[in-house]
Amino acid sequence: AEMAADDSFPLSRADAVARVLPLLSDPPRVFVRANEREAPITKGLPASPGVAFGAVVLSSDQAVESADRGESVILVRDETSPEDVRGMARAAGVLTSRGGLASHAAVVARGWGIPAVVGAGDAIRGLGAGDLISIDGSTGEVFSGELSGSWSVAPEVAVLLVWATELGVEVPAPAAATQRDESTSPTGENPSPTGSGSALQIRQDDVMRALAVRGAVSAEQMGESTLADASVLEPIVAQLVSSGDVQNAGGQWRLTATGKLAAIDLFRADRAAVGDERAAALLDEFHVLDARVKTLVTAWQVRDVAGEQVLNDHSDAAYDEAVMDDLASLHSDTAVWLDPLTGSLGRFDVYRTRLARALDVSRAGDQRYIASPRVDSYHSVWFELHEDLIRLSGKKRADATSG
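Remember, it's a predicted structure, so these values are computed and weren't measured experimentally.

A. Representation of the packing of aromatic side chains within the structure. A full pass over the atoms with the stated rule returns five aromatic pairs. For the pair Phe 31 and Trp 151, a centre-to-centre distance of 5.2 Å together with 65 degrees between the ring planes defines the contact as edge-to-face. In this pair, Phe 31 is assigned in strand S1 (residues 29-33) and Trp 151 in strand S10 (residues 149-153), connecting sequence segments 120 residues apart. Taking the relative accessible area as the measure of exposure, Trp 151 reaches 44% and is therefore partly exposed. Summarising the aromatic geometry, the rings of Phe 286 and Trp 337 are spaced 6.0 Å apart at their centres and angled 45 degrees between planes, so their arrangement reads as tilted. With Phe 286 in helix H12 (residues 276-301) and Trp 337 in helix H13 (residues 317-344), the pair connects residues that are 51 residues apart, well separated along the chain. Just as Phe 286 is buried, Trp 337 falls in that class too. The rings of Phe 286, Trp 337, Tyr 378 and Trp 382 are connected pair by pair, giving a single aromatic cluster. Taking the ring centre of Tyr 319 as reference, the NZ or CZ of Arg 303 above it sits at 5.8 Å.

Quick look at the structure:
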């Protein structure tokens, strides 16, 4: 809108409308508060813009169950883990007590396009399940109850809609609403995973570790985590269901209480194989790489324009290419770092393969494979690798995150 309104810029109103026409069918909206003096109960960091209202839920299970009933919920956590991604996919917004603008919670929320406030501190620990709150991901404020105000089409979008009408351009009808669980590419196809179940010799232990890291997953997601075909996974999972270690709940596989205890033993055995000190050192070394990934992924999602942090619209090809180059360099360092670990615990080679695949697909043009939670993106795989290393070290996420 600004470029087309600038006579010195070579972009016509027709060109401007054409660039964003698919977005105009469901135009972005902004929340206009009726009373700017409403006092927040606490304030954190504005991690992902927008306003969300709903009942507090304290777990992904609660988020999914409430969303299935048509309820609007805010997922409240100290710090998110891979298990929380499915809850974030169904929540109206996310609120955490810990973490920064480059935290995994912030990255995933921006990937889903939902409001998020992070690092809100101990004040939110007094919130209970069912409490009604509002969060403003643009200011970082958290309010009790529902904010008074109204939603309206963003001013810039309203201008573009007027231009479309004046130009006689037909705005497409909005597509049917879908849950935030799409996993296919724009062509309708999902890139095939590298490797095969038989070649990687997937075992029951591998499935149980993957479930411990990711929580409840679909058969397709388990295929992503293990790089195994359904024909390989199905009999393994059937055996685990028969033994009482895994259950199928709503089309998703998850560990039972018995299975969770068995998974703890598996990570304990892995820790014994590499040694307690080495396991702890691995996590410390990883945090150096993790800080780089957080910086890179945040730079991919948010960039500095005239001294102001704005969502990256990927209109600057040179900027995006520089971030991609930095990610490729980081990946090379990570592959070298993983090499001795895969020598001790061969299962970690799956992460190296998945990370390489995500980087290759993103460099081939599918930008979702950098940070989108909808696909097996670089950030998604990295998030799981982090959780796996935390469990290998015997620590808890709250005590083992890099900020």
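B. Quick look at helix H16 (residues 378-393). For H16, built from 16 residues, the straight-helix expectation of 22 Å at 1.5 Å per residue is met to within 8% by its first-to-last C-alpha distance of 22 Å. Most of H16 is tucked away: 15 of the 16 residues are buried. The positive-phi residue at the C-terminal boundary of H16 is Gly 394, with phi of around 85 degrees.

C. Representation of the environment of Glu 83. If you trace the backbone, Glu 83 turns up in the loop between strand S5 (73-77) and helix H4 (85-88). Separated by 124 residues in the primary sequence, Glu 83 and Val 207 place their C-alpha atoms 15 Å from one another.

The rules behind the values
Residues numbered from 1 in each chain as written. Predicted model: local features only at pLDDT ≥ 70, side-chain atom pairs only at ≥ 80, totals over all residues. Heavy atoms only, no water. Phe/Tyr/Trp six-rings, centres within 6.5 Å; stacked < 30°, edge-to-face > 60°. Helix = DSSP H or I, 4+ residues; strand = E, 2+ residues; numbered from the N terminus. Buried < 20%, exposed > 50% of the residue type's maximum accessible area, 1.4 Å probe, protein only. Lys NZ or Arg CZ within 6 Å of the ring centre and 35° of its normal. Expected span 1.5 Å × (residues − 1).

Geometric values such as these leave the question of function open.
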